[in-house]
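Topology and contacts: notes
In case you want the letters, here they are:
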Amino acid sequence: MLDVISIGHPTIDIYLDVPEAHMHTDEELQREEVCLLWGQKYYIHRLNTGVGGNALNVAVGLTQMDFNTVLVAGLGTDFYGNYAREILEDFSVDLEYVQPTAKTDTSIVMNFRGDMTIFSYHADEAYTIPSDLMEQEARWVFLTSTGFSTYTDLYAVVEEYLKRYPNAKLAMNPGPRELKEVKPTAALLPKTDLLIVNLEEATQLAEMEKLFHEDGLTEEQKVLELMRHFVDNGVSQSINTNG
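Anyway, here's the lowdown on the structure attached to this text. (Residues numbered from 1 in each chain as written. Predicted model: local features only at pLDDT ≥ 70, side-chain atom pairs only at ≥ 80, totals over all residues. Heavy atoms only, no water.)

Some words on the side chain of Ser-238
On the secondary structure map, Ser-238 appears in strand S13 (residues 237–241). A polar side-chain atom of Ser-238 sits 2.9 Å from a polar atom in the side chain of Asn-240. If sequence neighbours within four positions are ignored, Ser-238 has contacts with Leu-195, Met-227 and Phe-230. (Helix = DSSP H or I, 4+ residues; strand = E, 2+ residues; numbered from the N terminus. Polar contact = N/O pair within 3.5 Å; in protein donor to acceptor, adjacent residues only side chain to side chain. Contact = heavy atoms within 4.5 Å.)

Take a look at the structure:
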C-alpha cells in the first residue's frame, strides 16, 4: 500500500535580491508598491535557483522519512524540467507518475526589504492520476495547487479515487487558481480530512472575505469563525496559518 499520493505542480523558483528600489504607498488602495525606473538596468547582488511547489516539497520530505510516496504532476521537457528531474532523482523521489509537458512552471521571486514579490508563470498543461495508479490504494492523498485551468477534471478523478478507496484520507491545500473559482474546491470539503490554508485563503474558500477586513474581531476570533465554518461543512481538521 502507498502511504501518500502527492498531487500538484512543481515550479522552478529563481530568487533575486533587489538592492535598489523605491517604496511607495498607494493611499487610495491602501497598499505598498515597489517602484523601479523604467528602462533601467539593475545589478543583482545574489541569485539562487531551486525547485519548489507544495506537492513536490511534500513528496521530497516524506520520501526522506521513508514513507512510500509518489508524485503526480506535470513537468516540462525543457531545460528547467530536466534540472528539476535531476534534483528529484537525487532525493529518490518516485517520478513514475510525473507526466511530460512542454514547459515548466517557473516563478521569479524578488526579495526587497525582507518581503517577496513573485512573478509566476504557469504552463497551463493538464495532468491526472494515471489509470495504473488508480488501481493502487494509498493511506493519504495530498491535493494542492494544480497549476492548470481545467483542474476540475483532476478533481473529478480524485473524487473517483476516494470513492474507490473509502479508507483513503484527503489533505487539501488549494492554490490561487483553485481559490479564484471556489465552488469546485468547496465541493471537496465534505471529503477533506485535513485542510491547510492561511487566513486570507480561508476567507476566500469560505466566501467570507469581509471577515478578513473586519476591525471589530481579533485575529483569533476570525480564525475560530473560519474553522467553525469548515468543520460545519464536513472538514475533519483545519489548519489555518498566518502567512
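Structural notes on empty space enclosed by the protein
Considering all chains together, one arrives at one cavity of 30 Å³ or more under this definition. The space that makes up the largest cavity amounts to roughly 70 Å³. Every residue along the wall of the largest cavity is listed here: His-9, Gly-74, Leu-75, Thr-101, Lys-103, Asp-105, Ala-123, Asp-124, Glu-125, Tyr-127, Thr-146 and Gly-147. Its residues assigned to classes, the lining of the largest cavity shows three nonpolar, five polar and four charged. (1 Å grid on protein atoms, 1.4 Å probe; cavity = no way out; pocket = protein on both sides within 12 Å on 5 of 7 lines; lining within 4 Å. Points joined across faces, edges and corners; volume = space filled by probe spheres on them. Nonpolar A, V, L, I, M, F, W, Y, C, P; charged D, E, K, R; others polar.)

Notes on the side chain of Arg-85
Mapping Arg-85 onto the fold places it in helix H2 (residues 79–90). Buried charge Arg-85 goes without a salt bridge, the closest partner of opposite sign being Asp-78 at 6.2 Å. What Arg-85 contacts, discounting residues up to four positions off in sequence, is Leu-75, Gly-76, Thr-77, Leu-95 and Pro-100. (Buried < 20%, exposed > 50% of the residue type's maximum accessible area, 1.4 Å probe, protein only. Lys, Arg positive; Asp, Glu negative; His and termini not counted. Salt bridge = Lys/Arg side-chain N within 4 Å of Asp/Glu carboxyl O.)

Description of the sheet that holds strand S12 (residues 194–198)
Across the sheet, which stays open at both edges, the seven strands sit in the order S7-S6-S1-S10-S11-S12-S13 with parallel pairing between neighbours. With partners counted over all chains shown, the strands left at the sheet margins are strand S7 (98–101) and S13, one partner each. Ignoring strand direction, the axes of neighbouring strands in this sheet form an average angle of 15°. Sheet topology note: the strand S11 (residues 169–173)/S12 ladder contains two bridges and is parallel. Its bridge partner being in S12, Ala-171 is matched across the sheet by Leu-194. The sheet contacts of helix H1 (residues 54–64) involve strand S1 (2–7), strand S6 (69–76), strand S10 (138–144) and S11, and relative to S6 the element is tilted by about 145°. This element, helix H4 (residues 151–164), spans S1, S10 and S11 of the sheet and lies at about 165° to S10. (Pairing = 2+ DSSP bridges. Axes fitted to C-alpha atoms, helices over the stretch in contact; angles between N-to-C directions.)

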